[in-house]
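Given next are the chains, with one letter for each unit.
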There are 2 protein chains.
Amino acid sequence: MLGANNGGTHLSGPVLIVGTGLLGASIGLGLKARGVDVVLTDISPSTQAVAEDIGAGRALNPVEAIDPELVVIAAPPDVAADLSAKALTEYPGAVVVDIASVKASVLDHLITVVDDAALSRYVGTHPMAGREKSGPVAASAELFTSMPWVVCATDHSTAVAIRTAEALAIDLGAVVARMSAEEHDQSVALISHLPQVLSSLVASRLQDSPPHALALAGNGLRDVTRIAASDPRLWVQILSANADRLVQILYGVREDLNRLIGTLENPTGAGSRLDMAQLISEGNVGQARIPGKHGTPPEAFARMTVLVDDVPGQIARLLTEIGDAGINLEDLRLEHSPGRQVGMAEISVVPGKRHDLLEFLTANGWKVVQ
Amino acid sequence: MLGANNGGTHLSGPVLIVGTGLLGASIGLGLKARGVDVVLTDISPSTQAVAEDIGAGRALNPVEAIDPELVVIAAPPDVAADLSAKALTEYPGAVVVDIASVKASVLDHLITVVDDAALSRYVGTHPMAGREKSGPVAASAELFTSMPWVVCATDHSTAVAIRTAEALAIDLGAVVARMSAEEHDQSVALISHLPQVLSSLVASRLQDSPPHALALAGNGLRDVTRIAASDPRLWVQILSANADRLVQILYGVREDLNRLIGTLENPTGAGSRLDMAQLISEGNVGQARIPGKHGTPPEAFARMTVLVDDVPGQIARLLTEIGDAGINLEDLRLEHSPGRQVGMAEISVVPGKRHDLLEFLTANGWKVVQ
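Only a predicted model underlies this, so the values are computations on that prediction, with no experimental measurement involved.

**Here's the deal with the overall build of chain A**
- When you go through chain A residue by residue, the secondary structure sums to 14 helices and 11 strands.
- Judged by the C-alpha coordinates and their principal axes, chain A covers about 70 × 55 × 40 Å.
- Considering chain A as a whole, with its 370 residues, one finds that 57% of them fall into the buried category.
- A sequence separation of at least 24 residues applies to 70% of the contacts in chain A between residues at least 6 apart.
- A distance of 6 Å separates the average location of the 27 positive side-chain charges in chain A from that of its 42 negative side-chain charges.

**Quick notes on the packing of helix α7 (residues 181-204) of chain A against helix α11 (residues 243-265) of chain A**
Residue and element names in this part refer to chain A.
- Here α7 crosses α11 at 50°, and the two axes come no closer than 8 Å. On the basis of the axis angle, α7 is oblique to α11. For the element pair α7 and α11, the recorded crossing hand is right-handed. The residues of α11 that touch α7, namely those facing Glu182, Asp185, Gln186, Ala189, Leu190, His193, Leu194, Val197 and Leu198, are Arg245, Leu246, Ile249, Leu250 and Val253.
- In terms of residue class, the contact of α7 with α11 is built from 9 nonpolar, 2 polar and 3 charged.

**Topic: the environment of Thr41(B)**
- Following the sequence through the fold, Thr41(B) ends up in strand β2 (residues 38-41).
- Each C-alpha atom of the pair Thr41(B) and Ala100(B) lies 17 Å from the other, and the pair is 59 residues apart in sequence.

**Quick notes on the packing of aromatic side chains**
- All told, the structure shown has 2 aromatic pairs over all chains when counted by the stated rule.
- Centre to centre, the rings of Phe144(A) and Trp149(A) are 4.9 Å apart; their planes meet at 45°, and the pair counts as tilted.

**So, unusual backbone geometry**
Residues and elements named next belong to chain A.
- That bond from Gly13 to Pro14 is cis: its omega, -5°, falls within 30 degrees of zero.
- Structurally, the position occupied by Pro14 is in the segment before β1 (15-18).
- The backbone phi angle of Ser146 is positive, close to 65°, even though this residue is not glycine.
- Within the secondary structure, Ser146 sits in the loop between β6 (122-127) and β7 (148-152).
- With a relative accessible area of 6%, Ser146 lands in the buried category.

**Here's the deal with the domain arrangement of chain A**
Residues and elements named next belong to chain A.
- Its domain assignment divides chain A into domain 1 (15-180), domain 2 (186-266) and domain 3 (302-368).
- Look at where the C-alpha atoms of domain 1 and domain 2 centre, and you get two points 31 Å apart.
- Between domain 1 and domain 2, the contact holds 11 residues from the first and 11 residues from the second.
- Between domain 1 and domain 2 the total buried area reaches about 780 Å² when both faces are included, carbon and sulfur atoms providing 66% of it.

**A look at the confidence of the model for chain A**
- Residue-level pLDDT values for chain A average 90, and 92% of them are 70 or greater.
- What the predictor reports for the complex is a pTM of 0.88 with an ipTM of 0.88.

**Points about the sheet that holds strand β5 (residues 95-98) of chain A**
All names here are of chain A.
- If you walk across this open sheet you meet the 8 strands as β3-β2-β1-β4-β5-β6-β7-β8, and the pairing is mixed. For this open sheet the edge positions go to β3 (58-59) and β8 (175-178), each flanked by a neighbour on one side alone.
- Bridge count between strand β2 (residues 38-41) and β3: 2 bridges; the pairing is parallel. Residue Leu40 lies in a different strand from β3, and its bridge partner there is Ala59.

**Some details on the nonpolar core**
- Leu250(A) and Leu250(B) are the most contacted members of the largest nonpolar core, which totals 134 residues.
- Once you skip the residues sitting within four places of it in the chain, Leu250(A) turns out to touch Leu194(A), Val197(A), Leu198(A), Leu257(B), Leu260(B), Ile261(B) and Leu264(B).

**So, the relation of the copies chain A and chain B**
- Each copy superposes on the other: chain A lies on chain B with an RMSD of 0.1 Å after a rotation of 180° and an axial shift of 0.0 Å. Viewed as a symmetry operation, the transformation between the two copies matches a two-fold axis. Among all residues of chain A, the one whose C-alpha sits closest to the rotation axis is Val224(A), at a distance of 2.0 Å.
- An overlap of 99% is found between the interface residues of chain A and their copies at the interface of chain B, pointing to a shared contact surface.

**Let's talk about the interface of chain A and chain B**
- Residue-level contacts link 133 residues of chain A with 132 residues of chain B.
- Here chain A and chain B share an interface that buries about 12200 Å² over both sides, 65% of which is from carbon and sulfur atoms.
- The partner of Asp78(A) in a salt bridge is Arg273(B), and the shortest N-O contact between them spans 2.8 Å.
- When its residues are assigned to classes, the side of chain A that touches chain B shows 70 nonpolar, 35 polar and 28 charged.

**What about the sheet that holds β2(B)?**
All names here are of chain B.
- Strand order in the open sheet formed by 8 strands is β3-β2-β1-β4-β5-β6-β7-β8, with mixed pairing between adjacent strands. If you trace the sheet from one side to the other, it starts and ends with β3 (58-59) and β8 (175-178), each paired once.
- Relative to strand β7 (residues 148-152), strand β6 (residues 122-127) runs antiparallel, the two being bridged by 4 bridges. Within β7, the residue paired with Gly124 across the bridge is Cys152.

Thresholds, definitions, all that
- Residues numbered from 1 in each chain as written.
- Chains lettered and ligands numbered in written order.
- Predicted model: local features only at pLDDT ≥ 70, side-chain atom pairs only at ≥ 80, totals over all residues.
- Heavy atoms only, no water.
- Helix = DSSP H or I, 4+ residues; strand = E, 2+ residues; numbered from the N terminus.
- Buried < 20%, exposed > 50% of the residue type's maximum accessible area, 1.4 Å probe, protein only.
- Contact = heavy atoms within 4.5 Å.
- Lys, Arg positive; Asp, Glu negative; His and termini not counted.
- Charge placed at Lys NZ, Arg CZ, Asp CG, Glu CD.
- Axes fitted to C-alpha atoms, helices over the stretch in contact; angles between N-to-C directions.
- Parallel < 35°, antiparallel > 145°, perpendicular 65-115°, else oblique.
- Left-handed = near helix turned anticlockwise from the far one by under 90°.
- Nonpolar A, V, L, I, M, F, W, Y, C, P; charged D, E, K, R; others polar.
- Phe/Tyr/Trp six-rings, centres within 6.5 Å; stacked < 30°, edge-to-face > 60°.
- Domains from an automatic or database assignment.
- Buried area = accessible area lost by both parts, 1.4 Å probe.
- pLDDT = per-residue confidence, 0-100.
- Pairing = 2+ DSSP bridges.
- Core = buried A, V, L, I, M, F, W, Y, C linked by side-chain atoms within 4.5 Å.
- Least-squares fit on C-alpha atoms with pLDDT ≥ 70 in both.
- Salt bridge = Lys/Arg side-chain N within 4 Å of Asp/Glu carboxyl O.

Here's what the structure looks like:
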């Protein structure tokens, strides 16, 4: 379950990180900040050098034997299992975790190459963090702060292995979410892989669109296509590894799309309007189930949009004034318009404060759009 | 083209607004603010009363003959043509515009019920503004500020009619985009209706999803499903009216989805990985074509994410400090995490300032995530 703590265990180290890209280097930075001895190794000498330079850890010295408490395999799905197996063999006293975005395929492969004793020291995990940027240059000790970190213990896992895996997440400020590898893969197929592919499907339709159409693009299109800017190389691995779970979901999407197409081919036919209304309504229901800020019920806040001149300091001034009025800002989104020099700040406050905020802003000369 | 001005014509009024929901009432408020005499009428007495109360205009008096310069049909697609025809007949001296989100279907129907002389006084338009809220209570004089307002003149339209339609948009602070009704409908099918239905398709998959899956939801899913919260009653009208253009686009989406499903059914087959990579890459290309802030080339800014404690005033303080450092904030997005008390502010600045900003923030004790 989300937020379970493990009785206060922290990592003592040393921790060996295999793979010093964005995630591996960020883990290094986070653990170093806690005073843990971090040792780094990466197949690319330059990637490793950068990670060392930014302070993510010290280089693994081939002639020095280390006895890590934990080995973190921070490598992509394709190689995570083999690298985990290698680490389990080389460091018979260590707990080994991987952080790949798919879990069952890693576990399924690992089971075939290590024995039960080794397997008992392995725990698959997945930190739900990271951006479209990659590489150690973009790394940060805070990448995992308050983000979910899924920990997938198996029946083979020892209590020590589970506690150590959870300590990694907790020491990096993340929130532990316990579930099986299968539950994890089903979950991410739905809440991560599905939106990714549909976003790409929408965005790919824009490749040859005329400029006058794109000029009308609003925030709806921008929101739907934002994650279409993702990295193909990483996503090919994720989609391949989670193909069968994702495709089950896509069968359902295809049915719905076929039904929608049939309705649009005959929009005045009996039942067509009802079909269309049902699609949008079902979307309403599904969207409303997504947790809000800090896990609160969704849509718990009242929103308001304020015009902001596009000059330096305007937004800061708006927020400062709101704070001075004693109203807490729950959320803030900036929206752009294609004209010049004006932006829109969409502010969220607790519903009870909406009226006060509206009065206050209007009295202070701010233009409230909605 | 976007931003064309019409030689400086402004509305003198009176302007009659038929339909005083969100858009009609906002138009009333905006024109009243410019000193234009606005007369209101709505089929619902209570909706009209609210619009009058908020100052959007005065009630249409059945015993007083008015001679409006312009009649704005602010009614949904289903009734826009008939109401436009009625106004063209009742006010033989007026220009009549509608503001429905589809244009060809309105024009096609109107042509069958009025003669060429009347038709010459009609111009279909579409302000690209408005939120998921509806009704006059949410209206604002600023709803259209800097937003695109599409104006679809036809060969029948007189110069006066076109100038008057454009004056409406310009007087409300919008940016005129000139195109034909057909070009408009093709455009919105792509940049508005397509993302709407795909967002609903994704969101509807979440209806029965288990809570542990939803707990892992990140900003990708939130972004893709944000517009799934739209109003079914309005969207049924839009989709019905623009069905044939949207369905053409959906045939292409279906082809892509079928190909993706085939690939996922055989992820290790020859060419499968290439197919997946191609989908994501094509999405990259399409997404990159969406204009950025103020119509600038997309992705012209450098981004950085900063941790912000969830206490009042923190974001204001961050922005004030950035302003004090002389760095202009080009964009700002807040992101939430499921843990407690921490949010993330994603800041955009011109690329040349990214390094300065990073140094400045770090020196001032802010935690930069990426």
